[in-house]
Amino acid sequence: MTLGGRIAVLFFFLGALGCSQDETNNEDNSATATDGLVLFVQEQSIEPRPIESVRGLSAKILREDQKSGALAVKTDIAAGWRDPRVGRHAGPFEIYVLEGTVSLGPIDLSAGDFVRIPRRAIYGPMESGSGAELLWFFDGPADFETSQSTTVYTASWTVARDAETPWVEALVAREAGVELDLEVKNLRNDPSTGARTFLVRAGEGVVVPWETHPVSEEGYLLDGEHRLEECLPSGLQAGTYQPGGYFFRPPDLMHMGPGSTYEESVTWLIRTPGKLVDVFYDNCPYE
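Residues numbered from 1 in each chain as written. Predicted model: local features only at pLDDT ≥ 70, side-chain atom pairs only at ≥ 80, totals over all residues. Heavy atoms only, no water.

Right, let's get into the sheet that holds strand β21 (residues 245-249). If you walk across this open sheet you meet the seven strands as β1-β21-β18-β23-β16-β15-β14, and the pairing is antiparallel. The sheet terminates laterally at β1 (38-42) and β14 (168-169), the two strands that pair on one side only. In this structure, β1 lies alongside β21, joined through three bridges in antiparallel fashion. Its bridge partner lying in β21, V41 is registered against Y246. (Pairing = 2+ DSSP bridges. Helix = DSSP H or I, 4+ residues; strand = E, 2+ residues; numbered from the N terminus.)

In this section: the sheet that holds strand β22 (residues 254-256). Through backbone hydrogen bonds, the strands of a sheet pair up, either in parallel or in antiparallel fashion. Taken together, the five strands give an open sheet; going across it, the order is β20-β19-β22-β17-β24, and neighbouring strands pair in antiparallel fashion. Two strands lie at the open edges of the sheet, namely β20 (235-241) and β24 (279-281), each paired on one side alone. Strand-to-strand twist of the sheet, defined as the mean angle between neighbouring strand axes without regard to direction, takes the value 30°. As paired elements, strand β17 (residues 210-212) and β24 share three bridges and run antiparallel to each other. By the bridge assignment for β24, W210 is matched with Y281. (Axes fitted to C-alpha atoms, helices over the stretch in contact; angles between N-to-C directions.)

Once that is clear, we can look at the environment of K275. With respect to the helices and strands, the residue K275 is situated in the loop between β23 (266-272) and β24. Looking at K275, the relative accessible area reads 56%, which means it is exposed. Ignoring anything within four residues of it in the chain, the contact list for K275 reads T193, G194, A195, P214 and V215. (Buried < 20%, exposed > 50% of the residue type's maximum accessible area, 1.4 Å probe, protein only. Contact = heavy atoms within 4.5 Å.)

Further remarks concern a negative patch on the surface. Residues E204, E225, E263 and E264 make up a contiguous surface patch of negative charge. Look at E263 and you get exposed, because its relative accessible area is 70%. (Patch = residues over 30% accessible without salt bridge, like charges linked within 9 Å, V, L, I, M, F, W, Y side chains within 5 Å. Areas by Shrake-Rupley, 256 points an atom, 1.4 Å probe, with all protein chains shown as cover. Salt bridge = Lys/Arg side-chain N within 4 Å of Asp/Glu carboxyl O. Lys, Arg positive; Asp, Glu negative; His and termini not counted. Charge placed at Lys NZ, Arg CZ, Asp CG, Glu CD.)

Now for the state of the cysteines. Applying the stated rule across the entire model yields one disulfide. For C231, the disulfide goes to C284, at an S-S distance of 2.1 Å. As the torsion about the S-S bond is roughly 80°, the C231-C284 disulfide counts as right-handed. Within this pair, whereas C231 is found in strand β19 (residues 226-232), its partner C284 is found in the segment after β24, the two being separated by 53 residues in sequence. Note on C231: relative accessible area 0%, which makes it buried. (Disulfide = S-S within 2.5 Å.)

Below, the discussion takes up unusual backbone geometry. Cis geometry marks the peptide bond from G124 to P125; its omega dihedral reads -10°. Phi is positive for F40, which is not a glycine, with a value near 55°. Mapped onto the secondary structure, F40 falls in strand β1. Located in the positive-phi region is R120, a residue other than glycine, with phi close to 60°. Examined against the element boundaries, R120 turns out to sit in the loop between β9 (114-117) and β10 (126-128). With relative accessibility at 34%, the residue R120 sits in the partly exposed group.

Structure, rendered in structure tokens:
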């Protein structure tokens, strides 16, 4: 993108963030660009508590949206744990296995494996012989209900096995005109909506310019240490993520930039509800 193109997009971005005095005082227009923003959360610092909607497991809540019911949690499952119930959740959900093994009825998952189960699709029983650490992402209500039918159909599930899913060249930044040493492992890519769940690995020393995306983005750091900057209307914010670090960023918020650094390669698990597009900028206007 040319500098003129960046400036044009930047004016549009700033206009989307700004509002008049009347709009600020209007309750119908009270939402802000940073509503729902979650930054610099380390799951190790979160106290776990039992959550019935996540099979009654003790879970660390990374994000909870009261309006949509969206939920992101991490659970640690003890060896030998078993929930015999067969049932379904009100909304679609995804599980990424960090460590160990787990069974969701007919599907066995190991470390690095991924599954997405559509809304109200039946699964279970659920168990882990060795113990497991799981990330759960609910895109709608997480309420679990036991099903009278115990027949489990997996045809509508999306399953990605770590050993069978290759690392490929990342193209999103390149399509926007910026050459970056990035690799991705695509776990899910919905052709109808562009929604994606994927791993992205950045090589040592890669510098990503300031960027925005037209869709929300959430991430969980799997390995490495990443200092990351956020260009927010309230000012520049920076923090360091270590493995277990989590963020949720609403659409069109500027982040990265030259101050976002890491000494070794980093690997993130990233989720977006629509097509991920990069728009790059030369500067953060709030510095």
